[in-house]
Amino acid sequence: MDERSALAALADRVGEAGDDAAVIDGLVLTTDMLHERTDFPAGVTRYTAGWRTIGASLSDVAAMGGAATAAVAAYGAPEFDPEEVAAFVDGAADVCGTVDARYVGGDLDDHDEFTVAGAVVGRVEEPVYRSGAAPDDGVFVTGTLGRSAAAIREFEAGNADRGNELFRFDPRVEAGRALAPVATAMMDSSDGLARSLHQLAAASGCGVHITWDRLPVDPSVDAVAADDADRRELSAFFGEDFELVFTAPAARLDDVRAELPVPVTRIGRVTDGGVVADGEPLPDRGYTH
């Protein structure tokens, strides 16, 4: 089984699972595991790895509309290089600092592959789940799409400095908190825009219609894409962008737009059924763990 099948099989055993994070009595909690083989291509620094490990969990908190409080990480590697461990911790602490959270510790262990697991705890007053979208809501995304895909291309081309820069994304915690009062459904785009839309539509029992030309593609994609088809692939299906994908009545979004620290783009609308782009079925493809 892949990750999605395994999670589906566990759904009846873990009632709180199914959204980006668990929310219990106002406490929001999430964890993520990353591996060198699947998540850190050659050229990724330990600083970037620390930033990205904790940033992924901070993004989950953002998707629930929560405020992050503290983070920890477990760090496994074949050997412990003091400079590499310190760089990892610095990256984890610095990404926490961007959202007014604290990195407070973790665990070290021997492992045959560089493997890390991050966890973040926070608070949320008005959690936003994936299940509240309704027909005629607008469909929106924060920021831009395709940044992580462009980073991978830069690493493959030997441009490690540029790749690391693009890999260090900004978790949208502040935006998630501002959107919480008006969003009807929300999640992050870590599995890719297309797959996120399918997951949101399934959770809400609705459909989604987007328009390709409305997607806010990151400028870094244009520097690496071979053609228009490749540009679409990198921005809609690759994943690992950690932007927020959400639905909301357009008029209500206007009420909080001034509070948003990042641009928000309307890419479509919620419908009664089907996930389509420009009238054609949108493939349910994305990042697979």
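Residues numbered from 1 in each chain as written. Predicted model: local features only at pLDDT ≥ 70, side-chain atom pairs only at ≥ 80, totals over all residues. Heavy atoms only, no water.

A. Structural detail: the packing of aromatic side chains. Scanning the entire structure with this criterion turns up 10 aromatic pairs. Ring geometry for Y75 against F88: centres 5.1 Å apart, planes inclined by 80°, an arrangement best described as edge-to-face. Of this pair, Y75 sits in strand β3 (residues 67-77) while F88 sits in helix α4 (residues 82-97), and the two are 13 residues apart along the sequence. Overall, Y75 belongs to the buried group, its relative accessible area being 3%. Their ring planes at 90° and their centres at 6.5 Å tell us that F88 and F114 sit as a pair that is edge-to-face. Taken as a pair, F88 in helix α4 and F114 in the loop between β4 (102-110) and β5 (115-123) lie far apart in primary sequence, 26 residues in all. Pair check on accessibility: F88 and F114 agree, each one buried. Joined through ring pairs, the aromatic side chains of F40, Y75, F80, F88 and F114 make up one cluster. The side chain of R46 reaches across the aromatic face of F114, ending 3.6 Å from its centre. (Phe/Tyr/Trp six-rings, centres within 6.5 Å; stacked < 30°, edge-to-face > 60°. Helix = DSSP H or I, 4+ residues; strand = E, 2+ residues; numbered from the N terminus. Buried < 20%, exposed > 50% of the residue type's maximum accessible area, 1.4 Å probe, protein only. Lys NZ or Arg CZ within 6 Å of the ring centre and 35° of its normal.)

B. Here's a closer look at the sheet that holds strand β2 (residues 27-35). If you walk across this open sheet you meet the 5 strands as β1-β2-β5-β3-β4, and the pairing is mixed. Of all strands in the sheet, those bounded by a partner on one side alone are β1 (22-24) and β4. The sheet shows a mean angle of 15° between the axes of neighbouring strands, direction not considered. As defined by bridge partners, β3 adjoins β4 across 7 bridges and the pair is classed as parallel. Considered in β4, the bridge of A73 is made with G106. Sitting on the sheet, helix α3 (residues 46-63) touches β2, β3, β4 and β5, and the angle it makes with β5 is about 40°. On the sheet, α4 packs against β3, β4 and β5 and is oriented at approximately 150° with respect to β4. (Pairing = 2+ DSSP bridges. Axes fitted to C-alpha atoms, helices over the stretch in contact; angles between N-to-C directions. Contact = heavy atoms within 4.5 Å.)

C. Region of the structure containing the side chain of D188. Here D188 is to be found in strand β7 (residues 185-188). One buried charged residue, D188, remains without a salt bridge, the closest side chain of opposite sign being R130 at 5.8 Å. Side chain to side chain, D188 and S59 meet in a polar contact 2.7 Å long. (Lys, Arg positive; Asp, Glu negative; His and termini not counted. Salt bridge = Lys/Arg side-chain N within 4 Å of Asp/Glu carboxyl O. Polar contact = N/O pair within 3.5 Å; in protein donor to acceptor, adjacent residues only side chain to side chain.)

D. Region of interest: the UniProt feature "binding site: Mg(2+) 3" (unreviewed entry) in the protein. Here the UniProt-annotated "binding site: Mg(2+) 3" (unreviewed entry) positions come out as D20, D60 and D188. Across 169 residues, the annotated set stays spatially compact, with a maximum C-alpha separation of 7.4 Å. Tracing the backbone through its elements, the reader meets D60 in helix α3. With a relative accessible area of 7%, D60 lands in the buried category. Discounting residues that sit within four places of it in the chain, D60 has contacts with D20, A21, T30, D32 and D188. Residue contacts for D188: discarding those within four places in its chain leaves D20, S59, D60, A63, S196, F242, E243 and L244. (UniProt positions renumbered as here; feature names shortened; annotations may be inferred.)

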